[in-house]
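Chain by chain, the residues:
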Amino acid sequence: MAYRKSNAVDLPAAGLPAAQSRAPSELSRRAFLRASLTTGGGLMLAISLPGLAEASPEDVARHAAGEAARGAAAQADTTLTAYIRIAADGTTTIMAKNPEMGQGVKTSLPMMIAEELDVAWSQVRTEYAPLNPALYGAQFSGGSFSTPMNWEPLRRAGAAGRQMLIQAAAHAWRVPVQECGTEAGVVRHRASARSASYGALARRAARLPAPDLASVKLKDPKDYKIIGRFTPQVDAPRVLAGEPLFGIDQSVPGMLYAVYEKAPVFGSRALGANLDEIKSLPGVRDAFIIHGDPAAVFTHGLVDGVAIVADRWHQANKALERLQVRWADNPASSTSSAGFAREAAALAGQTPQQILRDDGDVNRAFYGASKILEASYTYPFLAHVPLEPMNCTAYAKPDGTMEIWSPTQNPGDAQQLISTTLGIDARKITVHMTRVGGAFGRRGDNDYSVEAAAISQRIGKPVKLLWNRRQDIQHDIYRPAGFHHFRGALDAQGRLVAFSDHFVTVGPDGKPSLAANLEPDLFPASLVPNLQFGQSVMKSGIPTGYLRDPVYNGMAFAFESFIDELAVAAGRDPLEFRLDLLGPPRVFPAAPPFLGMRIPGYDTGRVRGVLQLVAEKSGWGSARRQLPPRTGMGIAFCYSHFGYVAEVVKASVNERGVPRIHKVWVAADVGRQIVNPAGAYQQAQGAVLDGLGVALHEAITIENGAVVNANFNTFSPIRMREAPDVEVHFRITDNTVTGLGEPTLPPALPALANALFAATGKRIRSLPIDPKLLAV
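Everything numeric here is computed off the predicted structure, so don't read it as measured data.

Conventions and cut-offs
- Residues numbered from 1 in each chain as written.
- Predicted model: local features only at pLDDT ≥ 70, side-chain atom pairs only at ≥ 80, totals over all residues.
- Heavy atoms only, no water.
- Helix = DSSP H or I, 4+ residues; strand = E, 2+ residues; numbered from the N terminus.
- Buried < 20%, exposed > 50% of the residue type's maximum accessible area, 1.4 Å probe, protein only.
- Contact = heavy atoms within 4.5 Å.
- Areas by Shrake-Rupley, 256 points an atom, 1.4 Å probe, with all protein chains shown as cover.
- Expected span 1.5 Å × (residues − 1).
- Phe/Tyr/Trp six-rings, centres within 6.5 Å; stacked < 30°, edge-to-face > 60°.
- Pairing = 2+ DSSP bridges.
- Axes fitted to C-alpha atoms, helices over the stretch in contact; angles between N-to-C directions.
- Core = buried A, V, L, I, M, F, W, Y, C linked by side-chain atoms within 4.5 Å.
- Parallel < 35°, antiparallel > 145°, perpendicular 65-115°, else oblique.
- Left-handed = near helix turned anticlockwise from the far one by under 90°.
- Nonpolar A, V, L, I, M, F, W, Y, C, P; charged D, E, K, R; others polar.
- Salt bridge = Lys/Arg side-chain N within 4 Å of Asp/Glu carboxyl O.

**What about the overall build of the protein?**
For step 1, the next point in the chain: In terms of regular secondary structure, the protein is built from 21 helices and 30 strands.
For step 2, the next point in the chain: Looking at the protein residue by residue over its 776 residues, the buried ones come to 61%.
For step 3, the next point in the chain: In the protein, the share of contacts with a sequence separation of at least 24, taken over all contacts with a separation of at least 6, comes to 77%.
For step 4, the next point in the chain: Surface exposure of the protein reaches about 29000 Å², of which carbon and sulfur atoms provide 52%.

**Structural notes on helix α20 (residues 677-696)**
For step 1, the next point in the chain: A rise of 1.5 Å per residue sets the reference length of α20, with its 20 residues, at 28 Å; its end C-alpha atoms lie 28 Å apart and thus fit the reference within 8%.
For step 2, the next point in the chain: Of all 20 residues in α20, 17 are buried; the element is thus mostly enclosed.

**So, the packing of aromatic side chains**
For step 1, the next point in the chain: Inspection of every chain in the model, using the stated rule, returns 20 aromatic pairs.
For step 2, the next point in the chain: Judged by centre distance (6.0 Å) and plane angle (65°), the rings of Tyr-377 and Phe-486 are edge-to-face. Remark: Phe-486 occurs in strand β20 (residues 482-490) and Tyr-377 occurs in strand β15 (residues 371-379); sequence separation between them is 109 residues. Judged on exposure class, the residue Tyr-377 and its partner Phe-486 are both buried.
For step 3, the next point in the chain: Plain terms: the ring middles of Phe-486 and Phe-562 are 5.0 Å apart, the flat faces sit at 10° to each other, and that makes the pair stacked.

**Overview of the sheet that holds strand β17 (residues 402-406)**
For step 1, the next point in the chain: Strand order in this open sheet of seven strands is β11-β12-β9-β19-β16-β17-β18, and the pairing throughout is mixed. Here the strands that pair on one side only, and so sit at the sheet edges, are β11 (284-290) and β18 (429-433). Pairs of neighbouring strands in the sheet enclose a mean axial angle of 20°, with direction left out of account.
For step 2, the next point in the chain: For β17 and β18, the ladder comprises five bridges, and the chain directions are parallel.

**So, the pairing of strand β27 (residues 659-669)**
For step 1, the next point in the chain: Of all 11 residues that make up β27, nine are buried, and the element is covered over most of its length.
For step 2, the next point in the chain: Where strand β26 (residues 643-653) and β27 come together, 10 bridges link them in antiparallel fashion. Bridge pairing in β27 places Val-645 opposite Ala-668.
For step 3, the next point in the chain: Joining the antiparallel neighbours β26 and β27 is a turn of five residues, in which Gly-657 adopts a positive phi near 90°.
For step 4, the next point in the chain: As judged from the six bridges shared by β27 and strand β30 (residues 725-730), these two strands associate in the parallel manner. Looking at the pairing, Val-666 lines up with Val-728 of β30.

**Quick word on unusual backbone geometry**
For step 1, the next point in the chain: The step from Phe-523 to Pro-524 runs through a cis peptide bond, and the omega angle for that step is 15°.
For step 2, the next point in the chain: In this fold, Pro-524 is placed in the loop between β21 (496-507) and β22 (530-539).
For step 3, the next point in the chain: Of note, the amide linkage connecting Leu-767 to Pro-768 takes the cis form, showing an omega dihedral of -5°.
For step 4, the next point in the chain: Note that Pro-768 resides in the segment after α21 (748-760).
For step 5, the next point in the chain: Positive phi, normally seen in glycine, also occurs at Ala-193, with a value near 60°.
For step 6, the next point in the chain: Mapped onto the elements of the fold, Ala-193 is located in the loop between β7 (186-189) and β8 (194-197).
For step 7, the next point in the chain: Judged by its relative accessible area of 69%, Ala-193 is exposed.
For step 8, the next point in the chain: Residues other than glycine seldom take positive phi values, yet His-641 does so here, at roughly 50°.
For step 9, the next point in the chain: Structurally, His-641 can be placed in the loop between β25 (631-640) and β26.
For step 10, the next point in the chain: Among the residues examined, His-641 registers a relative accessible area of 14% and is labelled buried.

**Regarding the nonpolar core**
For step 1, the next point in the chain: Judged by nonpolar contacts, the single largest core of 124 residues is most densely connected at Phe-499 and Leu-752.
For step 2, the next point in the chain: Considering each element in turn, this core owes the most residues, 11 residues, to helix α16 (residues 552-569).
For step 3, the next point in the chain: Among all residues touching Leu-752, those that are not within four sequence positions of it are Val-649, Ala-651, Ile-661, Leu-692, Ala-695, Leu-696 and Ile-769.

**Focus on the pairing of β20**
If a strand is regular, its side chains alternate between the two faces of the sheet.
For step 1, the next point in the chain: Across the nine residues that make up β20, a large majority, eight, are buried.
For step 2, the next point in the chain: Both β15 and β20 contribute to a ladder of nine bridges, which runs antiparallel. What sits directly across from Tyr-379, in β20, is Gly-482.
For step 3, the next point in the chain: As paired elements, β20 and β21 share eight bridges and run antiparallel to each other.

**Thoughts on the packing of helix α17 (residues 574-582) against helix α18 (residues 604-618)**
For step 1, the next point in the chain: Where α17 contacts α18, the axes come no closer than 10 Å and their chain directions differ by 165°. If you check the angle between α17 and α18, you find them roughly antiparallel. The two elements α17 and α18 cross, and the hand of that crossing is left-handed. In contact with Leu-575, Arg-578, Leu-579 and Leu-582 of α17, α18 contributes Thr-604, Val-607, Arg-608, Leu-611, Gln-612 and Ala-615.
For step 2, the next point in the chain: For the contact of α17 with α18, the per-class residue count stands at six nonpolar, two polar and two charged.

**Topic: helix α14 (residues 447-459)**
For step 1, the next point in the chain: If you check α14, its first and last C-alpha atoms are 19 Å apart, about what 13 residues at 1.5 Å a residue would give, namely 18 Å.
For step 2, the next point in the chain: When you tally the buried positions in α14, you get 11 out of 13 residues, the bulk of the element.
For step 3, the next point in the chain: Inspection of α14 places Asp-447, Tyr-448, Ser-449, Val-450, Glu-451, Ala-452, Ala-453, Ala-454, Ile-455, Ser-456 and Ile-459 among the buried residues, and these make up the whole buried set.

**Quick notes on the packing of helix α3 (residues 105-117) against helix α5 (residues 146-173)**
For step 1, the next point in the chain: Interhelical geometry of α3 versus α5 gives an angle of 35° and a closest axis separation of 6 Å. The element α3 and its partner α5 pack so that their crossing is right-handed. Judged by residue contacts, Val-105, Leu-109, Met-112, Ile-113, Glu-116 and Leu-117 of α3 engage Ser-146, Thr-147, Asn-150, Trp-151, Leu-154, Arg-155, Gly-158, Ala-159, Gly-161, Arg-162 and Leu-165 from α5.
For step 2, the next point in the chain: Its residues placed into classes, the contact of α3 with α5 shows nine nonpolar, five polar and three charged.

**Regarding the sheet that holds strand β6 (residues 180-183)**
For step 1, the next point in the chain: Spatially, the three strands line up as an open sheet ordered β6-β7-β8, and their pairing is antiparallel. The open sheet terminates on both sides in strands that have one partner only, identified here as β6 and β8. Across the sheet, the mean angle from the axis of one strand to that of its neighbour is 25°, orientation sign disregarded.
For step 2, the next point in the chain: Looking at chain direction, β6 and β7 are connected through four bridges and run antiparallel. The residue bridging Thr-182 from the neighbouring strand is Val-187, located in β7.
For step 3, the next point in the chain: In the packing of α5 onto the sheet, the strands contacted are β6, β7 and β8, and the crossing angle to β7 comes to about 45°.
For step 4, the next point in the chain: Strand contacts of helix α6 (residues 198-206): β6, β7 and β8, with the helix running at about 80° to β8, the strand carrying the most contacts.

**Thoughts on the pattern of salt bridges**
For step 1, the next point in the chain: Tallied over the entire structure, the rule returns 43 salt bridges.
For step 2, the next point in the chain: With a shortest N-O distance of 3.4 Å, Glu-374 and Arg-487 are connected by a salt bridge. With a gap of 113 residues between them, Glu-374 in strand β15 and Arg-487 in strand β20 connect regions that are remote in the sequence.
For step 3, the next point in the chain: Accessibility expressed as a relative area gives 45% for Glu-374, which makes it partly exposed.

From the geometry alone we can't say anything about function, so treat these as descriptive.
Here it is, written out as structure tokens:
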């Protein structure tokens with residue numbers, strides 16, 4: 001994939017004028033700040049941010065005092081929020097609160113504070129914050145929420161620090177505050193040519209009362225010097241140097257190594273194993289059965305398994321070859337991918353078990369239609385396959401405390417899961433967040449963390465649990481499979497007058513399992529006068545959960561491919577068909593606030609904007625008329641995680657049916673400001689490639705209740721030789737700033753499928769793409 005900085009020409013570096021800036025969010029209005037001195041005579045600003053929990057001013061003061069007494073917090077790998085420290089030499093340390101998974105939040109979130117603090121980026125250092133929900137609020141990375149949750153409060157925290165430093169200088173010089181300004185970590189009084197560094201002012205500023213965050217003045221975006229600039233990730237040199245930043249790198253004195261073997265059929269009870277034989281193997285220290293809760297399959301906790309503890313990990317892993325476990329019978333052993341497909345096909349011909357949405361009169365509209373189109377679309381279970389397998393280092397200490405080092409997206413959940421499962425007071429559990437070697441939603445769950453903790457509790461020594469690749473694939477929390485049966489009705493003018501989807505999904509108890517639901521407001525809902533979404537659920541024992549852009553990563557393929565089919569049936573250009581369907585610009589009612597974020601209403605004008613932009617950049621109209629044989633271009637759109645994204649894919653197909661993707665154009669509207677263009681382009685391009693890999697290769701196969709896939713030879717992500725050029729364009733609009741970790745993934749799948757139809761005349765209705773269907 002070629003990366004061209006020229007792709008960024010659409011991006012105004014300064015965003016929108018200050019006059020168009022929105023009022024503080026609910027999050028920032030409920031935040032508060034406290035100042036204190038560090039042991040080195042510097043300034044520490046403690047910012048309490050609402051989230052899953054909130055802190056009192058006393059909580060903040062106590063924690064700030066503790067941090068000051070220790071001199072500095074030295075942890076690793078997250079995203080920043082609560083503390084700013086300014087040392088006497090002017091070095092500014094910004095704490096990172098959220099896990100860093102490569103998405104760049106350990107860089108972009110400190111950029112927000114540093115910009116408003118008006119300190120030179122070269123003076124900024126970042127450190128990991130300790131897990132403390134009472135002080136920091138929600139400490140997790142996921143849902144593309146890090147940017148929208150923190151955009152307002154972190155900038156206001158930086159602006160508050162700047163205001164305090166100006167006030168400290170004005171008091172010292174006995175001049176009006178309004179006559180002072182700042183630049184690159186220095187306060188200046190231009191009338192008298194006096195200046196003082198932040199470091200020199202830190203002690204005086206720390207004694208001042210902290211201002212109200214809601215009332216501080218923010219910069220005019222045209223004056224930004226950090227936000228909007230291409231900025232490398234702060235840990236990039238350390239990653240390239242191979243420093244031990246990741247969970248898999250952690251080492252504790254006296255540490256042993258462990259593997260944990262679970263049943264092939266999820267949640268089966270362990271009845272016995274050849275433990276004495278395993279204990280006699282070289283390097284093996286212990287082997288034992290741990291009993292968990294079978295229901296934890298669906299809550300992603302501790303289930304039955306056999307732990308093998310050894311001096312070295314390869315010894316424990318090698319012992320798995322000799323391990324023989326007797327597992328109890330499990331009704332889920334009768335399930336299979338083929339069985340789900342057969343049952344879904346049968347259910348599709350029946351009345352849906354539940355009607356999720358019913359607009360107008362669908363049956364009457366179909367009866368009077370000029371043309372009716374029906375099609376079924378399917379997609380499989382998927383695994384996350386991050387390059388760093390699941391792992392955790394845990395130490396159950398003699399004093400009853402527990403310490404863990406975990407590459408988790410959700411450290412607070414790890415703490416609570418260990419507490420409730422093992423009966424340890426959560427206050428006695430310390431969670432160290434490490435850098436995460438890929439997650440994509442998988443590490444939002446903490447089954448691997450509680451397994452490591454349970455093993456350490458049993459042996460009373462520190463232990464590093466590391467899954468091998470087979471275990472990582474066969475005991476994932478999977479993206480659920482889905483089955484859609486669509487019907488669409490066109491009138492004599494080729495307009496869509498009725499639309500229905502009978503969605504068949506999976507779940508353990510008659511309800512969809514996690515991330516297996518159909519959202520009732522998916523496009524084209526509210527844009528078609530007669531629309532019905534129905535749902536039926538098949539019983540499943542497969543654990544499911546969030547995978548990068550959950551729900552939409554499958555739904556967009558099905559819905560946007562069928563929309564393309566309708567356009568062709570209507571004899572319309574797929575772009576024009578979508579634009580006509582949108583109608584005049586309108587904004588639907590906003591959703592209730594979530595985690596302090598204001599959720600803007602769905603805006604058809606923004607949909608139109610990205611569709612038109614991607615058409616312009618790809619040359620949609622003229623380029624399609626000049627394509628060689630068996631080459632096509634496809635277009636698709638998706639709204640997810642508050643972001644609007646349209647994509648065009650250009651692809652060809654050889655005589656054997658093997659696709660080649662030549663280029664992808666992306667148009668994204670994620671609000672009024674791109675915080676760090678370097679990270680934004682990387683995330684947008686990476687998500688597109690992730691989506692293309694899903695379409696080309698990826699599928700989890702279930703047989704006899706167990707996953708068949710065992711390594712990258714049977715579950716293959718996209719390869720470098722297959723990766724096309726991805727050209728990204730951002731459409732800057734006066735809307736809430738949103739995240740970019742996920743929204744560009746979903747449209748890639750249908751855009752590719754639609755391009756392959758344009759190239760061959762053959763529809764892709766099931767993933768992954770089967771070249772035999774496209775062969776000559």
